[in-house]
Amino acid sequence: DISHHLIRQKVRFKTLSADSPVPIVMLHLNERTPDLIDFTEGHTPCFIARFEGHFEMVMSSKELTDLEGDESEFFNRLTDWLTRI
């Protein structure tokens, strides 16, 4: 898992999130709004952005799994995504 150990958030992820140029908000499945459920149903876990009034998939479940828990690579890919928008 990129953001958590078994129970608690990883310190490195928390630090990198605080330094991120965009706010990072993590939600449990039961915290999603109806429009977010529509967008993410069957695609969780995932990392999405709300951009110009719509959702965009930043990293899919497979892409997150492929990171193998590497917090730094997660933020590298987020930065890459941000430079493309």
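Residues numbered from 1 in each chain as written. Predicted model: local features only at pLDDT ≥ 70, side-chain atom pairs only at ≥ 80, totals over all residues. Heavy atoms only, no water.

**Re the layout of surface pockets**
Alright, step 1. Looking at the largest pocket, its volume works out to about 1200 Å³.
Alright, step 2. Breaking the lining of the largest pocket down by element, the ones donating at least two residues are α2 (34-40), β1 (47-51), α3 (61-66) and α4 (71-84).
Alright, step 3. Ranked by the residues each element gives to the lining of the largest pocket, the list is headed by β1, at five residues.
Alright, step 4. In the lining of the largest pocket, the residues fall into 23 nonpolar, eight polar and five charged. (1 Å grid on protein atoms, 1.4 Å probe; cavity = no way out; pocket = protein on both sides within 12 Å on 5 of 7 lines; lining within 4 Å. Points joined across faces, edges and corners; volume = space filled by probe spheres on them. Helix = DSSP H or I, 4+ residues; strand = E, 2+ residues; numbered from the N terminus. Nonpolar A, V, L, I, M, F, W, Y, C, P; charged D, E, K, R; others polar.)

**A word on the pairing of β1**
On a regular strand, one side chain projects to one face of the sheet and the next to the other, so that they alternate.
Alright, step 1. Here β1 runs beside strand β2 (residues 54-59); their pairing, made up of five bridges, is antiparallel. In the sheet register, A49 faces β2, and the bridge partner there is E56.
Alright, step 2. Taken together, β1 and the strand that follows it, β2, pair antiparallel across an intervening segment of two residues, in which E52 is found at a positive phi of about 50°. (Pairing = 2+ DSSP bridges.)

**A short note on unusual backbone geometry**
Alright, step 1. Here T44 and P45 are connected by a cis peptide whose omega angle stands at -5°.
Alright, step 2. With respect to the helices, strands and loops of the structure, P45 is situated in the loop between α2 and β1.
Alright, step 3. Of note, the phi angle at E52 is positive, near 50°, even though the residue is not glycine.
Alright, step 4. Locating E52 in the fold gives a position in the loop between β1 and β2.
Alright, step 5. Backbone geometry places E68, a non-glycine residue, at a positive phi of 50°.
Alright, step 6. For E68, the location among the structural elements is in the loop between α3 and α4.
Alright, step 7. Residue classification places E68 among the exposed positions, given a relative accessible area of 75%. (Buried < 20%, exposed > 50% of the residue type's maximum accessible area, 1.4 Å probe, protein only.)

**Some words on the side chain of S3**
Alright, step 1. Within the secondary structure, S3 is located in the segment before α1 (11-19).
Alright, step 2. The exposure class of S3 is buried, given its relative accessible area of 10%.
Alright, step 3. With residues up to four places along the chain from it excluded, the contact list for S3 reads R8, Q9, K10, F13 and M26. (Contact = heavy atoms within 4.5 Å.)

**Re α4**
Alright, step 1. Between its first and last C-alpha atoms α4 spans 20 Å; for 14 residues at 1.5 Å apiece the expected length is 20 Å, and the two agree.
Alright, step 2. Inspection of α4 places E71, F74, F75, L78 and W81 among the buried residues, and these make up the whole buried set. Buried residues along α4 cover an arc of 115° about the axis, so they all sit on one side. Along α4, the residues that are exposed and aim more than 90 degrees away from the buried face are T83 and R84. (Expected span 1.5 Å × (residues − 1). Arc of directions from axis to C-beta.)

**Details of the packing of α1 against α4**
Alright, step 1. Where α1 contacts α4, the axes come no closer than 9 Å and their chain directions differ by 25°. As judged from the angle between their axes, α1 and α4 are roughly parallel. Crossing of α1 over α4 shows right-handed handedness. Facing α1, whose interface residues are R12, F13, L16 and S17, α4 presents E71, S72, F74 and F75.
Alright, step 2. In the contact of α1 with α4, the residues fall into four nonpolar, two polar and two charged. (Axes fitted to C-alpha atoms, helices over the stretch in contact; angles between N-to-C directions. Parallel < 35°, antiparallel > 145°, perpendicular 65-115°, else oblique. Left-handed = near helix turned anticlockwise from the far one by under 90°.)

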